[in-house]
Amino acid sequence: MRNLASIFRIIALVAIAWGGVELLFETEPGQLAVLAYPKTLIFLGVIALVSIAIEVFVAALRFTLFKSLSEEKQEKFLALENKRVDQLKAKFENLPKLLTRSRPIEEEGEIELDHNYDGIRELDNKLPPWWIYSFYASIVFAAIYLVRFHVFDDYTQIEEYKAELAQAEIDIARYKETAKDLVTLETVTLMADPSDLEAGKQIYTNNCVACHKADAGGGIGPNLTDEHWILGGGIKNVYRTLFEGGRPGKGMVSWKNDFKPSELQQVASYVLSLQGTVPAEPKEPEGEIWVEGVE
Ligand code: HEC
């Protein structure tokens, strides 16, 4: 019985600590903080160890104190202990009665009303306390609600809705700032920001010049500065070429495993910023002239 209580206390303490960790550490929705921040597991482990140590220590202390008592006192102590357990049990067994204040079936005769409708009789039961107090609480709630929203016109549902929408916009903007990788074939756009183009140029210089030349005039791969495209021009097509690769066997592989979508967007934008530049040794045009909007 006492061991069970100890185990229960330890579990409860660790559970509370865990709850605290989940509240304190911000994570992506659906992710557990203990998994996102494994160090918190150490903290929970320490809590568990310390509470186990305390339980063991207290148990040992009790045991030695008990042993130091005279036999007579030991018996007294045990009797007292048993009494306490019995009282606790009695309280627990009384709980349903306390909650409902119902009378046992043997006493129903005392609360029977002398209404008798074709053999259907009525008992004058007390209202269950849980019910009556929730009823009072609802009256208090209604009074506050009435004064707040109908007398002082605090805010309307429309205003509440608009405030939530505004907050959602802020949350989305903040999310997009930290998670730049929402780029997909459907949402990709041409970037014009010099820092993005510079980042794109870096990737191009490190990965693409072997086949396309530094000035993109073309080598193994086609000239990227003219308006002729084998796989289609414009940001969406160029992004797709980088994401999926060229035609099989031609040498242009997919880069989706090497770069994040946002990085592919930067290279694609950089490549398109070279449109109309004049390379030193341009490769002859390949593919069709591509006009935006005409596929
Ligand atoms: C191993 C050589 C090679 C490398 C490296 C390479 N490419 Fe290519 N690239 C090609 C070939 C070959 C094609 C033509 C594919 C086809 O015909 O399907 C091509 C096609 C393209 C096209 C489409 C051109 C068109 O006319 O439609 C783009 C855009 C492109 N590459 C950009 C890049 C970028 C950006 C990089 C660097 C991240 C890169 N390539 C790296 C060989 C390469």
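Values in this document were obtained by computation on a predicted structure and should not be read as measured data.

### Considerations on the environment of Phe77
- Inspection of the secondary structure assignment puts Phe77 in helix α4 (residues 71–100).
- For the pair Phe77 and Phe66, spaced 11 residues apart in the sequence, the C-alpha separation amounts to 8.4 Å.
- Residues in contact with Phe77, not counting those within four places in the same chain, are Phe66 and Leu69.

### Some points on the UniProt feature "transmembrane region" (unreviewed entry) in the chain
- As recorded in UniProt, the feature "transmembrane region" (unreviewed entry) lies at residues 43–65 and 130–147.
- For residues 43–65, the helix share is 100%, the strand share is 0%, and the end-to-end C-alpha distance is 33 Å.
- End C-alpha to end C-alpha, residues 130–147 measures 26 Å, and it is 100% helix and 0% strand.

### Let's talk about the site of the ligand
- Taken together, 26 residues surround the ligand, and among them Cys208, Cys211, Gly221, Gly246 and Met252 come closest.
- In the shell around the ligand, the residues fall into 16 nonpolar, seven polar and three charged.

### Remarks on the pairing of strand β1 (residues 112–117)
- Little of β1 is tucked away: zero of the six residues are buried.
- Across three bridges, the pairing between β1 and strand β2 (residues 120–123) is antiparallel. The residue bridging Glu112 from the neighbouring strand is Leu123, located in β2.
- Between β1 and β2, which pair antiparallel and follow one another directly, the connecting turn spans two residues, one of which, Asp118, has a positive phi of 45°.

### Some details on the nonpolar core
- Core analysis: the largest hydrophobic core is formed by 14 residues, its most contacted members being Tyr239, Leu242, Val267, Ala268 and Val271.
- At five residues, the largest contribution of residues to this core is made by helix α11 (residues 261–273).
- With near-sequence residues (within four places) excluded, Leu242 lies in contact with Trp255, Leu264, Val267 and Ala268.

### A few points about the packing of helix α1 (residues 2–24) against helix α3 (residues 39–68)
- Taken N-terminus to C-terminus, the directions of α1 and α3 make an angle of 155°; their axes are 10 Å apart at the nearest point. Here α3 runs roughly antiparallel to α1, going by the angle between their axes. Handedness of the α1/α3 crossing: right-handed. Facing α1, whose interface residues are Ser6, Arg9, Ile10, Leu13, Val14, Ala17, Trp18 and Val21, α3 presents Thr40, Leu44, Ile47, Ala48, Ser51, Ile52 and Glu55.
- The class makeup of the residues in the contact of α1 with α3 is 10 nonpolar, three polar and two charged.

### A word on unusual backbone geometry
- At Asp118, a position not held by glycine, the phi torsion is positive, near 45°.
- Along the chain, Asp118 turns up in the loop between β1 and β2.
- Given 4 C-beta atoms within a 10 Å radius, Asp118 is considered exposed.

### Things to note about α4
- The terminal C-alpha atoms of α4, which comprises 30 residues, lie 45 Å apart, in line with the 44 Å expected from a rise of 1.5 Å per residue.
- If you look at α4, its biggest bend is around 40°, right at Asn94, and the proline Pro96 turns up within four residues after that.
- Little of α4 is tucked away, with zero of its 30 residues classed as buried.

### Comments concerning the packing of helix α8 (residues 194–207) against α11
- The interhelical angle for the contact between α8 and α11, taken along N-to-C directions, is 90°, at an axis separation of 7 Å. Taken together, the axis directions place α8 and α11 in an arrangement best described as roughly perpendicular. Two secondary-structure elements touch here, α8 through Asp196, Leu197, Ala199, Gly200, Lys201, Ile203 and Tyr204 and α11 through Glu263, Gln266, Val267, Ser269, Tyr270, Val271 and Ser273.
- Each residue belonging to the contact of α8 with α11 can be placed in one class, and the counts come to seven nonpolar, four polar and three charged.

### Considerations on the environment of Glu122
- Looking at the secondary structure, you find Glu122 in strand β2.
- Its 12 C-beta neighbours within 10 Å are what place Glu122 among the exposed residues.
- Sequence-wise, Glu122 and Ile170 are 48 residues apart; in three dimensions their C-alpha atoms are separated by 60 Å.
- Beyond its immediate stretch of four places on either side in the chain, Glu122 contacts Leu113 and His115.

Definitions and cut-offs
Residues numbered from 1 in each chain as written. Predicted model: local features only at pLDDT ≥ 70, side-chain atom pairs only at ≥ 80, totals over all residues. Helix = DSSP H or I, 4+ residues; strand = E, 2+ residues; numbered from the N terminus. Contact = placed C-beta atoms within 7 Å. UniProt positions renumbered as here; feature names shortened; annotations may be inferred. Near = placed C-beta within 6 Å. Nonpolar A, V, L, I, M, F, W, Y, C, P; charged D, E, K, R; others polar. Buried ≥ 20, exposed ≤ 12 C-beta atoms within 10 Å, placed from the backbone. Pairing = 2+ DSSP bridges. Core = buried A, V, L, I, M, F, W, Y, C linked by C-beta atoms within 7 Å. Axes fitted to C-alpha atoms, helices over the stretch in contact; angles between N-to-C directions. Parallel < 35°, antiparallel > 145°, perpendicular 65-115°, else oblique. Left-handed = near helix turned anticlockwise from the far one by under 90°. Expected span 1.5 Å × (residues − 1). Bend = angle between axes of the 7 residues up to and from the residue.

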